[in-house]
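Below are the chains, spelled out letter by letter.
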Amino acid sequence: HPDDEVLGCGGTIARHTTDGDQVSVLFIADGSGSRGINAKQLEQRKGMAQAAAETLGLNSTFFLNFPDQRLDQVALLEIVQKIEEVISEIKPTIVYTHHGGDLNLDHRITHQAAITACRPLPESTVRAIYAFETVSSTEWTSTSLGDAFRPELFVNISGHLSQKMRALDCYASELRKFPHARSRESIEALARYRGSSAGLESAEAFMVVRVIVR
């Protein structure tokens with residue numbers, strides 16, 4: 001969904017682009033359709049994503065426009081094939097995706113589709129897959145839906161937290177007032193907490209799905 005990229009790894013994206021890396025974001029679902037909004041409002045959500053992309057310095061964004069909160073009604077193969085088309089075009093070496101045990105159904109299906117599309121075939125360019133946490137989904141889940149999020153990789157975003165927060169402001173309509181988990185205060189607090197867990201000022205945390213060293 002548009003805004004998950006900023007919530008889960010916006011600081012890491014900013015760090016990549018600052019270092020000169022080529023970064024693309026693929027949105028699987030439209031992110032708003034389940035709310036009964038119209039086509040104009042869906043385009044506005046897409047505009048928010050494009051504004052956030054500019055703030056983070058992305059090279060490209062892709063929109064598959066599958067129905068929000070209805071990915072379980074789409075054949076997994078269809079989602080996988082669409083992801084494979086994008087992978088074939090941009091040839092990524094690192095992939096960040098949702099945690100597979102999130103409360104949000106779309107997140108769980110996206111995780112499954114992503115790791116399926118990135119399976120380690122001989123010709124694959126993908127060398128690492130990391131799963132990020134998404135506030136108001138990852139921490140709200142139950143272990144009955146999958147393994148809990150256990151951070152294993154911490155990326156220092158101390159120099160990029162402000163850029164992440166500016167990108168987040170592009171999705172102002174998606175934010176809530178504190179103490180809601182999806183508030184600016186809570187999102188910044190999580191970055192500070194993840195940072196302090198690793199002796200850093202601020203960080204984003206990930207689970208390691210796969211790393212291939214050749």
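In every chain, residue numbers begin from 1 and rise along the written sequence. With the structure being a predicted model, the display of local features is reserved for residues of pLDDT at least 70 and the display and counting of side-chain atom pairs for 80 or more, all residues being used for whole-chain, interface and lining totals. Each side-chain value is derived from all of the structure's non-hydrogen atoms; neither hydrogens nor water enter the calculation.

*Asks:* Residue-level account of a nonpolar patch on the surface, with values.
*Replies:* For patch building, the residue pool is restricted to those with more than 30% relative accessible area and no salt bridge; the joining distance is 9 Å between like charges and 5 Å between nonpolar side chains (Val, Leu, Ile, Met, Phe, Trp, Tyr). Shrake-Rupley sampling with a 1.4 Å probe provides the accessible areas, and residues are treated as covered by the protein chains on show and by no other component. Think of a salt bridge as a Lys or Arg side-chain nitrogen and an Asp or Glu carboxyl oxygen that are within 4 Å of each other. Taken together, the side chains of Leu103, Trp140 and Leu145 present a nonpolar region at the surface, about 270 Å² in accessible area. With respect to the helices and strands, Leu103 occurs in the loop between β3 (94-98) and α4 (105-117). Overall, Leu103 belongs to the partly exposed group, its relative accessible area being 39%. Numbered from the N terminus, helices here are DSSP runs of H or I no shorter than four residues, and strands are runs of E no shorter than two. For every residue, the accessible area (1.4 Å probe, protein chains only) is compared with the maximum for its type, and the residue is labelled buried under 20%, exposed over 50%, or partly exposed between those bounds.

*Asks:* Please provide a residue-by-residue account of the packing of helix α3 (residues 76-90) against α4, values included.
*Replies:* Axis definition: a line fitted to C-alpha atoms, limited for helices to the stretch in contact. Angles are taken between N-to-C directions and run from 0 to 180 degrees. Packing of α3 against α4 brings their axes to within 9 Å, and their N-to-C directions diverge by 55°. Between α3 and α4, the crossing angle belongs to the class labelled oblique. As for how α3 packs across α4, the hand of that crossing is right-handed. For the pair α3 and α4, contact is made by Leu76, Ile79, Val80, Ile83, Glu84 and Ile87 and by Ile109, Gln112, Ala113, Ala114, Thr116 and Ala117, respectively. Residues are sorted three ways: Asp, Glu, Lys and Arg are charged, Ala, Val, Leu, Ile, Met, Phe, Trp, Tyr, Cys and Pro are nonpolar, and all the rest, Gly among them, are polar. Residue composition of the contact of α3 with α4, grouped by class: 9 nonpolar, 2 polar and 1 charged. Here roughly perpendicular refers to angles of 65 to 115 degrees, roughly parallel to angles under 35, roughly antiparallel to angles over 145, and oblique to all remaining angles. Take the far helix as the reference: if the near one is turned anticlockwise from it by less than a right angle, the crossing is left-handed, and if turned clockwise, right-handed. Contacts are assigned to residue pairs with any non-hydrogen atoms lying within 4.5 Å of each other.

*Asks:* Before we move on, can you summarise the side chain of Ser186 with the specific residues and values?
*Replies:* With respect to the helices and strands, Ser186 occurs in helix α6 (residues 184-197). A relative accessible area of 17% places Ser186 in the buried class.

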